[in-house]
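Structure assessment
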2 protein chains.
Amino acid sequence: MPCDHHHHCAKEAWQFAEDLCAQKGYRFTDSRRQVFDVLISSHKALTAKEVMKKINNGQPPITYRALEFLTQVGLAHHIASINAYVGCAHHHQEGHVAEFLICTNCHEVEEVDLSSQLSALMVHAKASNFKPQETYVEMTGLCGTCQDS
Amino acid sequence: MPCDHHHHCAKEAWQFAEDLCAQKGYRFTDSRRQVFDVLISSHKALTAKEVMKKINNGQPPITYRALEFLTQVGLAHHIASINAYVGCAHHHQEGHVAEFLICTNCHEVEEVDLSSQLSALMVHAKASNFKPQETYVEMTGLCGTCQDS
DNA sequence: GCTGCAATTGTTAAAAATTAACAATTGCAA
DNA sequence: TTGCAATTGTTAATTTTTAACAATTGCAGC
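Residues numbered from 1 in each chain as written. Chains lettered and ligands numbered in written order. Predicted model: local features only at pLDDT ≥ 70, side-chain atom pairs only at ≥ 80, totals over all residues. Heavy atoms only, no water.

**Observations regarding the overall build of chain A**
The cut-off we apply is this: Starting at the N terminus, helices and strands are each numbered in turn, a helix being any DSSP run of H or I of at least four residues and a strand any DSSP run of E of at least two. With C-alpha atoms as the basis for the radius of gyration, the globule rule is written as 2.2 Å multiplied by the number of residues raised to the power 0.38. Two residues form a contact once any of their heavy atoms are found within 4.5 Å.
For chain A, the helix and strand inventory stands at six helices and five strands. Helices (α) and strands (β) of chain A occur, in sequence order from the N terminus, as α-α-α-α-β-β-β-β-α-β-α. A globule of 149 residues ought to have a C-alpha radius of gyration of about 15 Å, and chain A, at 16 Å, matches this closely. Taking the principal axes of the C-alpha coordinates as reference, chain A spans close to 50 × 45 × 30 Å. Pairs at least 24 apart in sequence give 54% of the contacts found in chain A among residues at least 6 apart.

The structure is reproduced here in structure tokens:
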């Protein structure tokens, strides 16, 4: 269940983002902050276009660059199945894998940790001598709210 | 390990496709056959553009429609993480979930069944009262061959 | 065999999404 | 304070996907 007190969430998220960038020596610049703000202010996955609209029509390159940055740093996740992005301010271990539950109606996204089940996904990679880079575990469907509407 | 005797593979795949379409009452038309042929002749995931190129530069709408058809029928899978398609001629149970191991270098794709591990992915959906539609389990990385090159 | 209808295709063109290229600016270290 | 790497601003192109609609096809019912 996503937390519903965005003010609280947001504050911690910002602190987390600040710390992460500082610690890793990345510049948490204005445009990056703006995009992060848009994403983190919503639990929904937003397309690049939606992000742009929310930032007084920011130019595509700026937005795409910020999205790429945030994704690489771990402050956002790319949801490939619907080609959208969702903010994230959890600390992830190296090799962390999350499962995303994506409502196709409202695009609300719930992120759940898969660490304990990860070995089940890895076993095939291991058996095939496959060296993993990125893992996407995405489930589209209808969230509880949207099932009733 | 993908089978390496495409002739044998292909023959069975065609039979499977014919039967599937006949049984479900779908028309296995020329353009659909062409796209299926392109996909099934390769274990690699191909982008829509790559498919088009292989079909004496087929027009986009025709290719996209065929890809959509094949995906819906189950004769192809959409690999969201790299926005590409891979042919498939396995019989899938209702609610079947596969894991795709996708080489980011050569785009070879291995499909493995996740049935036995599926409950691990579903447990969170259940707990969240989330009604699943599509499940994507994709792992990008380097296949054995590409690790050495 | 015709007729009519639904499914599919062919074609043109538009819309949407992403990236290239390069000049201007910024932040910081030497 | 100079120089360099990182980042941004800007324009425009490229790539990807879809819309719209006319033409065709396959087939069921007469």
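**Some remarks on the interface of chain B and chain A**
Short version of the rule: A simple way to read buried area is as the amount of 1.4 Å-probe accessible surface that goes missing from two parts once joined, with both sides added. One side-chain nitrogen of Lys or Arg within 4 Å of one carboxyl oxygen of Asp or Glu is enough to make a salt bridge. The term polar contact refers here to a pair of N or O atoms within 3.5 Å; inside protein, the definition further demands a hydrogen-donor-capable atom paired with an acceptor-capable atom, and it admits residues adjacent in sequence only when both atoms are side-chain atoms. Each residue gets one label: Ala, Val, Leu, Ile, Met, Phe, Trp, Tyr, Cys and Pro are nonpolar, Asp, Glu, Lys and Arg are charged, and the others, such as Gly, are polar. The criterion for strand pairing is that DSSP finds at least two bridges linking the strands in question.
Every contact between the two is made by 36 residues of chain B and, on the other side, 36 residues of chain A. Of the roughly 3000 Å² buried at the junction of chain B and chain A (both faces included), carbon and sulfur atoms supply 59%. By the criterion of area lost to chain A, the three top residues of chain B are H124, F130 and M139 of chain B, representing 21% of everything that side buries. On inspection of chain B and its partner chain A, the count reaches zero salt bridges. At the surface where chain B touches chain A, the tally comes to ten residue pairs in polar contact (both at pLDDT 80 or more). It is strand β5 (residues 131-142) of chain B that contributes the most residues to the side of chain B that touches chain A, twelve residues altogether. Here the side of chain B that touches chain A is built from residues that sort into 18 nonpolar, twelve polar and six charged. Bridge count between strand β5 (residues 131-142) of chain A and β5 of chain B: nine bridges; the pairing is antiparallel. The residue bridging E138 of chain A from the neighbouring strand is Y136 of chain B, located in β5 of chain B.

**Brief notes about the protein's contact with DNA strand D**
The criterion, for reference: Summary of the distance rule: residues count as near a molecule or strand when at least one heavy atom falls within 4 Å of that molecule or strand.
If you check the shell around DNA strand D, you find 15 residues, and the closest are T29, S31 and R65 of chain A together with Y64 and N83 of chain B. What you see for DNA strand D is that sugar and phosphate hold 62% of its atoms within 4 Å of the protein. In this structure, S31 of chain A approaches DNA strand D through a side-chain N or O atom, which is 2.7 Å from a phosphate oxygen. Contributing elements (two or more residues each) for the surface near DNA strand D: α2 (30-40) and α4 (60-73) of chain A together with α3 (48-54) and α4 (60-73) of chain B. Residue composition of the surface near DNA strand D, grouped by class: six nonpolar, four polar and five charged.

**Let's talk about the pattern of salt bridges**
Residue and element names in this part refer to chain B. We count it as follows: Classification of residues uses two cut-offs on accessible area relative to the type maximum, computed with a 1.4 Å probe and protein chains only: under 20% is buried, over 50% is exposed, and between them is partly exposed.
This structure, assessed with the given rule, holds two salt bridges over all chains. Between E18 and R33 there is a salt bridge, with its nearest N and O atoms 2.7 Å apart. Here R33 lies in helix α2 (residues 30-40) and E18 lies in helix α1 (residues 6-24), a separation of 15 residues in the sequence. A residue is classified by how much of its surface remains accessible, and E18, at 29% relative accessible area, is partly exposed. On the basis of relative accessible area, R33 is assigned to the partly exposed category, the value being 27%.

**Regarding the packing of α2 of chain A against α4 of chain A**
Residues and elements named next belong to chain A. Which entries qualify depends on this criterion: To get an axis, a line is fitted to the C-alpha atoms, and for a helix only the part in contact is used. The angle between two axes follows their N-to-C directions and goes from 0 to 180 degrees. Every angle not falling under 35 degrees, over 145, or within 65 to 115 is termed oblique; those three ranges are roughly parallel, roughly antiparallel and roughly perpendicular.
With their axes 9 Å apart at the nearest point, α2 and α4 run at an angle of 75° to one another. It follows from the interaxial angle that α2 and α4 lie roughly perpendicular. Across the interface between the two elements, S31, R32, V35, F36 and L39 of α2 pack against I62, A66, L67, F69 and L70 of α4. Class assignment for the residues of the contact of α2 with α4 results in eight nonpolar, one polar and one charged.

**Quick word on the relation of the copies chain B and chain A**
Definition in use: We superpose the copies by least squares over the C-alpha atoms of residues that have a pLDDT of at least 70 in both of them.
Superposition of chain B onto chain A requires a rotation of 180° combined with a translation of 0.1 Å along the rotation axis, giving an RMSD of 0.1 Å. The operation mapping one copy onto its partner corresponds to a two-fold rotation axis. Residues of chain B ranked by C-alpha distance from the rotation axis are headed by V137 of chain B, positioned 2.2 Å from it. Counting the interface residues of chain B, we find that 100% of their copies in chain A are interface residues as well, pointing to one common contact surface.

Treat this as a map of the structure, not an account of what it does.
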